[in-house]
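Observations on chain architecture
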Amino acid sequence: MVNPFIRNHQYNVIKKQVELLRHTCNTVSDPKIVESIRYSTHDKVMALFPEFAEACDLVTSFAEQSTVEQFQHYLRSLEPYLLAFGQVTEKQLQKLFPKNKKLKVPALAALDYRQLSYLGWTDIATNKMFLVYHLAGKLVGVEGRFTRLNRKSTCFVCKRQEEVALFSAITRSKPANATSDYYKAIGNYLCVDSRTCNSNITDVSALETFIHRIIDK
C-alpha cells in the first residue's frame, strides 16, 4: 500500500533539483562538475524528509539518472506519493468565513489537491482575498483586502517574481490596554494567481508565520 508523504512544496523542491541535474547532464561535459551537482541535488532532496529515512532511496533515486526520459519517468513515479492538501467543501469554507454571507468559493471539484500548499482565491466584487491552510492539523482561514499592483514583485510566500497584489489582513491580537475600535493590519505582497504561487512555493514557513500573526490572540 502506498502511503503519500510528499507535500506540494517539497515536490516543487524535488522538481527544481531534478531540472538542475537534467540541465547539467545535458550541457556540462566535465564529469567532476556533473558528479558534484549529483551530490548537491541528492543532499538537498534528502534533507526534506528527515523523518522518513526509509523513503530516501525513493526520493533521491533521480541523482542516478542522466537522460530527459529518465528524469520524466522519475517524476511520474512520485505521483502516488504526493500528499494531497485535503479536499474541502463549500460548507467548511463558509464556516471559516462566517461574516461573508454571500461567500464566493472557487470551483472546488476542479482542483488538484495534490498541487496545493494552500487554497487561495479572490472576490473581485468585494476586493477581498481568502487563504485557507492546514495549520498544526487544523483548517484555518484568513481574509483580507487586496490591491492589485499591475506589476511584478517578489511574493512573500513563494519568493518568486510574479504579478502580485498587496494583501492586508487585520490581526486578532490586541494590546491589553487597547480600545474597542483598535485594529492592526499586516500586509504583504502575494501572488494574484494562487495556482502560480502553489507551483512555485518551496517552503511554507513564511506563510505559516504570517497566518500565526493574523489568527493568534
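Refer to the preceding data block for the structure.
The text that follows walks through the structure, step by step, so that each part is easy to find. Predicted, not measured: the structure shown is a model, and the values here were computed from it.

Parameters at a glance
Residues numbered from 1 in each chain as written. Predicted model: local features only at pLDDT ≥ 70, side-chain atom pairs only at ≥ 80, totals over all residues. Heavy atoms only, no water. Pairing = 2+ DSSP bridges. Helix = DSSP H or I, 4+ residues; strand = E, 2+ residues; numbered from the N terminus. Salt bridge = Lys/Arg side-chain N within 4 Å of Asp/Glu carboxyl O. Buried < 20%, exposed > 50% of the residue type's maximum accessible area, 1.4 Å probe, protein only. Lys, Arg positive; Asp, Glu negative; His and termini not counted. Polar contact = N/O pair within 3.5 Å; in protein donor to acceptor, adjacent residues only side chain to side chain. Contact = heavy atoms within 4.5 Å. Axes fitted to C-alpha atoms, helices over the stretch in contact; angles between N-to-C directions. Core = buried A, V, L, I, M, F, W, Y, C linked by side-chain atoms within 4.5 Å. Parallel < 35°, antiparallel > 145°, perpendicular 65-115°, else oblique. Nonpolar A, V, L, I, M, F, W, Y, C, P; charged D, E, K, R; others polar.

With that out of the way, let us pick up the pairing of strand 4 (residues 161–170). Strand direction decides the pairing type here: strand 3 (residues 138–154) and strand 4, joined by seven bridges, are antiparallel. Its bridge partner being in strand 4, Phe146 is matched across the sheet by Phe167. Taken together, strand 3 and the strand that follows it, strand 4, pair antiparallel across an intervening segment of six residues, in which Lys159 is found at a positive phi of about 65°. Where strand 4 lies against strand 5 (residues 185–191), seven bridges are found, and the strand directions are antiparallel. Counterpart to Ile170 in the pairing with strand 5 is Ala185.

Applying the stated criterion across every chain yields a total of five salt bridges. In this structure, Lys128 engages Glu143 in a salt bridge whose closest nitrogen and oxygen atoms are separated by 3.0 Å. Placement of Lys128 in strand 2 (residues 128–135) and of Glu143 in strand 3 is noted, with a sequence separation of 15 residues between them. For Lys128, a relative accessible area of 24% puts it in the partly exposed group. Judged by relative accessible area, Glu143 falls into the partly exposed class, the value being 26%. Of the charged contacts, one joins Arg195 and Asp193 as a salt bridge, the two residues approaching to 3.4 Å between their closest N and O atoms.

Moving on: unusual backbone geometry. Of note in the backbone geometry, Ala136 takes a positive phi value of approximately 55° without being a glycine. Tracing the backbone shows Ala136 in the loop between strand 2 and strand 3. Given a relative accessible area of 83%, Ala136 falls into the exposed group. The backbone phi angle of Lys159 is positive, close to 65°, even though this residue is not glycine. Tracing the chain through its elements places Lys159 in the loop between strand 3 and strand 4.

Next up on the list: the side chain of Glu162. Note that Glu162 resides in strand 4. Buried charge Glu162 goes without a salt bridge, the closest partner of opposite sign being Arg160 at 4.7 Å. There is a polar contact of 3.0 Å between the side chain of Glu162 and the side chain of Asn200. Once residues within four sequence positions are removed from consideration, Glu162 is found in contact with Arg151, Lys152, Ser153, Cys191, Thr196 and Asn200.

An order of 1-2-3-4-5 is seen for the five strands of this open sheet, with the pairing classed as antiparallel. Looking along the sheet, the strands with just one partner apiece sit at the ends: strand 1 (119–123) and strand 5. Strand-to-strand twist in this sheet, taken as the mean axis angle between neighbours without regard to direction, amounts to 35°. As paired strands, strand 1 and strand 2 are joined by five bridges and run antiparallel to one another. Of the residues in strand 2, the one forming a bridge with Thr122 is Met129. Sheet strands in contact with helix 7 (residues 205–215) are strand 2, strand 3, strand 4 and strand 5, and its direction is about 105° off that of strand 2.

What follows concerns the pairing of strand 1. Most of strand 1 sits inside the fold, with four of its five residues counted as buried. Adjacent in sequence and paired antiparallel, strand 1 and strand 2 are bridged by four residues, among which Asn127 carries a positive phi angle near 55°.

Ranked by internal contacts, the top residues of the largest apolar core, which has 27 residues, are Val157 and Leu190. If you list the elements that add at least two residues to this core, you get strand 2, strand 3, strand 4, strand 5 and helix 7. No other element matches helix 7, which puts five residues into this core. Apart from the residues lying within four places of it in its own chain, the contact partners of Leu190 are Tyr118, Met129, Leu131, Cys155, Phe156, Val157, Glu163, Val164, Ala165, Phe167 and Cys197.

Turning our eyes to something else, we now look at the packing of helix 1 (residues 8–27) against helix 2 (residues 31–46). Two numbers describe how helix 1 lies on helix 2: the axes approach to 10 Å, and their chain directions differ by 175°. Between helix 1 and helix 2, the crossing angle belongs to the class labelled roughly antiparallel. Touching Ile14, Gln17, Leu20, Leu21, Thr24 and Cys25 of helix 1 are Val34, Ile37, Arg38, Thr41, Lys44 and Val45, all from helix 2. Among the residues forming the contact of helix 1 with helix 2, the class breakdown is seven nonpolar, three polar and two charged.

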